[in-house]
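Structural overview for review
So you can see what is in the structure, the chains are spelled out below.
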Amino acid sequence: MTDAEFQTRVRERMAAVERRVTAACDRAGRRRSDVTVVCVSKRLSPERTALLPGVGLLMLGENRPQTLWKKAEALAGKSVEWHLVGHLQRNKIEKTLPLVALVHSVDSLRLLEALERAAADAGTTCDVLLEVNASGEAAKQGFDPKEVEALLPTIEALQAVRVRGLMTMAAAGDAEEARPAFVSLRKLRDKLRRKIGPSHEFGQLSMGMTNDFEVAIEEGATLVRLGSVYFEGLDA
Ligand SMILES: *Cc1c(COP(=O)(O)O)cnc(C)c1O
């Protein structure tokens, strides 16, 4: 597939995604502008990823820090906003911090504290979401929902890190099966937001992937993370 064909196919997929996002917003009585789509480019080569700004995909997510570094370098100057959606090891914080607009996947107190130190040392700020294991599977990464409330004093004391909300990954499978996890994440966000006060802008809910983004939008997602729906079956 040539680069031009790739871009044409991605444009078609983008139009289809847009229709589905808009329809889900309509069903839920939400504004389209309340939902942001992050395009997860993790399965694409750096060369293919570099074609995305040309079709208007400028908010890109990667799940591995090293790949994000490499692609950020390859796409330097293309005004891409990078999101890290996967696990961040503490020894990769320093190099990742200056590249990303949002870390979706802070999954431990140790990581949160290490980010705070690194951002403070660098004289910058860092926007993050806390990853919550909302579907209750033992093997999953993320905070137990019951742990998160106890983090409030820590969150309020942060100077350089700004916790903007919550993220979850639903179990793979049927979209309807994911709905209860999305509902519980939204309720947790609402509860924490009430306690933490408006100045913290603790409003973001990153939930929904290719298999379940419409349900996630119906249940309040403000960020959906979509990969396969754009790229499945195209040359990576
Ligand atoms: C891969 C990935 C996605 C995108 O998944 P698709 O099912 O391909 O849309 C979203 N979030 C995270 C954390 C991922 O690792």
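Since the structure is predicted, the reported quantities are computational estimates derived from the model, not experimental observations.

Some points on the nonpolar core
Among the nonpolar cores identified, the biggest contains 72 residues, and Leu52, Leu115, Val128, Leu130, Val163, Leu166 and Tyr230 are the most heavily contacted of them. The biggest single contributor to this core is helix α8 (residues 175-196), with eight residues. Counting residues in hydrophobic clusters, the runner-up holds five residues, among them Val38, Leu102, Leu129 and Met167.

What about the layout of surface pockets?
Of the pockets and cavities examined, the largest pocket occupies roughly 440 Å³. In terms of lining residues, the largest pocket is bounded by 25 residues, among which Lys42, Arg43, Met169, Met209 and Arg225 are the most central. Tallied by class, the residues present in the lining of the largest pocket amount to nine nonpolar, ten polar and six charged.

As for the packing of aromatic side chains
If you walk through the whole model with that rule in mind, you get two aromatic pairs. Ring geometry for Phe6 against Phe231: centres 6.4 Å apart, planes inclined by 10°, an arrangement best described as stacked. Here the residue Phe6 occupies a position in helix α1 (residues 3-28), and Phe231 occupies one in helix α10 (residues 228-231), the gap between them amounting to 225 residues. Judged by relative accessible area, Phe6 falls into the buried class, the value being 1%.

With respect to the environment of Ala16
On the secondary structure map, Ala16 appears in helix α1. Under the relative-accessibility criterion, Ala16 is labelled partly exposed at 27%. For the pair formed by Ala16 and Ala170, sequence separation is 154 residues and the distance between their alpha carbons is 23 Å.

The rules behind these values
- Residues numbered from 1 in each chain as written.
- Predicted model: local features only at pLDDT ≥ 70, side-chain atom pairs only at ≥ 80, totals over all residues.
- Heavy atoms only, no water.
- Core = buried A, V, L, I, M, F, W, Y, C linked by side-chain atoms within 4.5 Å.
- Buried < 20%, exposed > 50% of the residue type's maximum accessible area, 1.4 Å probe, protein only.
- Helix = DSSP H or I, 4+ residues; strand = E, 2+ residues; numbered from the N terminus.
- 1 Å grid on protein atoms, 1.4 Å probe; cavity = no way out; pocket = protein on both sides within 12 Å on 5 of 7 lines; lining within 4 Å.
- Points joined across faces, edges and corners; volume = space filled by probe spheres on them.
- Nonpolar A, V, L, I, M, F, W, Y, C, P; charged D, E, K, R; others polar.
- Phe/Tyr/Trp six-rings, centres within 6.5 Å; stacked < 30°, edge-to-face > 60°.

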